[in-house]
Amino acid sequence: MKLNVFLTFLTLSGILCAQPTSFVGRQSHAILNTVKQFHYKPVAVDDAFSTAVFDSYVEAIDPGGYYFLASDIEELGKYSTGIDDEMESRTAVLFEKSAAIFKTRLLAVDSLLHLLEREKSDLTKDESLSFAPADYPDYADNYTQLKERWRKWLKYAVLDELFTGDYFADAAHESISNLLSKAADAQKAVFGYQFFEIKSYLDHPAGYSNYLATYYLDAIATQFDPHTTYFSDIEKENFEEDLSKENLVFGISVEEDDKGIVRIESVLPGSPAWNSNQLNKGDQVLSLRLSDGQYLEMTTAGIDEILIMFENTTASQLTLEIRKGNGEVLTVELTKGEVYVEEDVLKNLLLVGDQRIGYITLPDFYTDWDEGTGLGCANDVAKCIVKLQKENMQGLILDLRNNGGGSLKEAIDLAGIFIDWGPLAITQSKSGEATSIKDMNKGAIYTGPLVILVNGLSASASELFAAAMQDYNRAIIVGSTTYGKSSSQIILPLDPAYTPGVTSMETADPTYGFLKITTDKFYRVTNATHQRKGVVPNIILPDIYDMYDYKESSYANALSSDSVLKKVYYTPFSAFPDALFESGNQRIAQDRNFSRIAFLIDSINQVNERAEIIPLKIENYQLLEQGYAAFLDELYSLEESEQSPYTATNNLYDLEILKMDAYRRELNEEYLKRVEADAYINQAYLVLIDYLKK
């Protein structure tokens, strides 16, 4: 079985020209050349760049200062401004020195952890862990300080494991004696994770040095912009590739990020995972359980263990525990099944209330890369619309929440479904030449009222599409401000012998790795950009993701928010009446749930700004957890409406299909309930009702 894993990589070089070249040095030089040739707007590669790479690299491999000592950083810092010179000279002095020191520290910490493992944490002792700069320096001065740092952090980790693990249904309200009865199990899990983390470096299948180099190479790549990244060819394999040989799949692929966290990389359209409507790219995988009894907890396992697990099973059921981007933990059960490639893989429903409103959710701008048919999500949306039109829908909601993008072509084709023809966006390449991207197909499939629902995780192709529909006055955008990514990337081999257009990607030497590189920037037909800014909805809904600082604007090295000078001729539809937006925003302001969501988000943001001290006494920690649990429970509950203005139902064609499959029928019933209870869809529905009445 094959697994889909992108490992981000980082590279290093030496600052002394007399040093011999190394393979890592040649890889870094290849990154430099590729960036010079293809990157949209590369930053200067100088001493400041080198320092930023050094900081990023060290932060990636030792984010909490639990391995390096202050003296190590001081020693390595002597080479921190010379990475640019090393890249030019194909040397890797910094990397080689850091690899040697880091290996020594890994082994030392492994021994230290074995000592601490024998010292049972006293969870009843009244002490705290302070992250205030005065109490928590970046690095320990000696091993005595390092041991104390580890002791307190491990105590915190055991408490966190007790309250977030599977030991209790509601740990926040469990008795202290019961909590303490599981402390040994929690400690075992915590230490298991730490030993595994060290092992994942020292005994990595690619080799210690090769694996560590990936962090360095990626530190170099990401300094150009957040979306330019390095990855290797090994471990880039999919769950579904092997399972599809028997035409039965679960339909997810996973990756391990630069901090060793296993996340869902993609969900296969039409698969059981897709049909569950609960899994999204970026979800953190906490555990996996197969129906044959195999179980993996990600605190003590990683990609290699998952690979072995699936190589040795014929199980037909998979239970995943995942953590969503908003912190919510879900348990998702999947039964292996066929991928419904000949039927719509999109969810489409009728919302029947005062009017019959169509609803389509599009989680990803997928396309048919392999078959070459040129058909993808835009074609599937068109088929959904045709079916809904047959049942007299009066308006349409297109849900792009959590849609992180995908194929640019599909975004353009999708826009063509809703407008006659014309320019949709402007692209600018490295040369500075601005070119308009147009819908060249005359005619539209759907010309009725349209609402597009977005949130902070709607990104890239989703934003391009939503921005075009907004600029044309073709759709009312409802939700929260989108992510703010307005650039595109391509993947190129780093093999120095590779020549785009001449050399085949398949024949390039994969040992050099690959670079996903930003080559173009996009602008709206108005010449403005949504880069860093996002697409601002016409009617704004508070978003629970606003608790987190995760959008494009949070990256210091993100591309700038500017404008382009390009004459573009387009004919927008008549503007929506201001009264429509005013009434929608007023209704939301008066809505108890959304007002409370906005208040809670603001409150937690204020708390997070002051959260520097964590209590390590179990009674005090439980009080903290009770407050946090109450906050989250209330926040999640507010996303559900007590009374829906519509009933969700399937179109007649899909109902016939569902009769043939009991499993899909069960999933569908749960999905209908979620759509009816979704406060955000409720508001989008009411916006369309307002519009139809005007």
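See above for the structure.
Residues numbered from 1 in each chain as written. Predicted model: local features only at pLDDT ≥ 70, side-chain atom pairs only at ≥ 80, totals over all residues. Heavy atoms only, no water.

**Comments concerning the packing of helix α13 (residues 377-389) against helix α14 (residues 408-418)**
The geometry of α13 relative to α14 is characterised by a closest axis approach of 8 Å and an angle of 25° between their N-to-C directions. In terms of their interaxial angle, α13 and α14 are classed as roughly parallel. In this structure, α13 contributes Cys377, Ala378, Val381, Ala382 and Ile385 to the contact, and α14 contributes Glu410, Asp413, Leu414, Ile417 and Phe418. Counted by class, the contact of α13 with α14 contains eight nonpolar, no polar and two charged residues. (Axes fitted to C-alpha atoms, helices over the stretch in contact; angles between N-to-C directions. Helix = DSSP H or I, 4+ residues; strand = E, 2+ residues; numbered from the N terminus. Parallel < 35°, antiparallel > 145°, perpendicular 65-115°, else oblique. Contact = heavy atoms within 4.5 Å. Nonpolar A, V, L, I, M, F, W, Y, C, P; charged D, E, K, R; others polar.)

**Some thoughts on the environment of Val332**
Tracing the backbone shows Val332 in strand β9 (residues 329-335). Contacts of Val332, omitting those with residues within four sequence positions, involve Ser276, Gln278, Leu279, Leu318, Thr319, Leu320 and Ile322.

**Topic: the packing of helix α6 (residues 143-164) against helix α18 (residues 618-638)**
A pair of packed helices can be characterised by two numbers: the angle between their axes and the separation between those axes. For the pair α6 and α18, the least separation of the axes is 11 Å and the interaxial angle reads 50°. Relative to α18, the element α6 lies oblique. Helix-helix and strand crossings are classified by hand; for α6 and α18 the assignment is right-handed. Each of Tyr156, Leu159, Asp160, Leu162 and Phe163 in α6 lies in contact with α18, whose residues at this interface are Ile618, Tyr621, Gln622 and Glu625. In the contact of α6 with α18, the residues fall into six nonpolar, one polar and two charged. (Left-handed = near helix turned anticlockwise from the far one by under 90°.)

**Some remarks on the pairing of β9**
Residues Leu330, Val332 and Leu334 of β9 are buried on one face, while the alternating residues Val329, Thr331, Glu333 and Thr335, pointing to the opposite face, are not. Alignment of strand β8 (residues 317-323) against β9, held across seven bridges, turns out to be antiparallel. By the bridge assignment for β9, Gln317 is matched with Thr335. (Buried < 20%, exposed > 50% of the residue type's maximum accessible area, 1.4 Å probe, protein only. Pairing = 2+ DSSP bridges.)

**A word on the pattern of salt bridges**
Overall, the coordinates contain 19 salt bridges when judged by the stated rule. Residue Lys155 is joined to Glu127 by a salt bridge in which the shortest nitrogen-to-oxygen separation is 2.8 Å. Linking Lys155 in helix α6 with Glu127 in the loop between α5 (93-117) and β2 (128-130), this pair joins segments that are 28 residues apart in sequence. On the basis of relative accessibility, which here comes to 2%, the residue Lys155 falls in the buried class. Linked by salt bridges that have partners in common, Glu127, Glu148, Arg151 and Lys155 make up one network. (Salt bridge = Lys/Arg side-chain N within 4 Å of Asp/Glu carboxyl O.)

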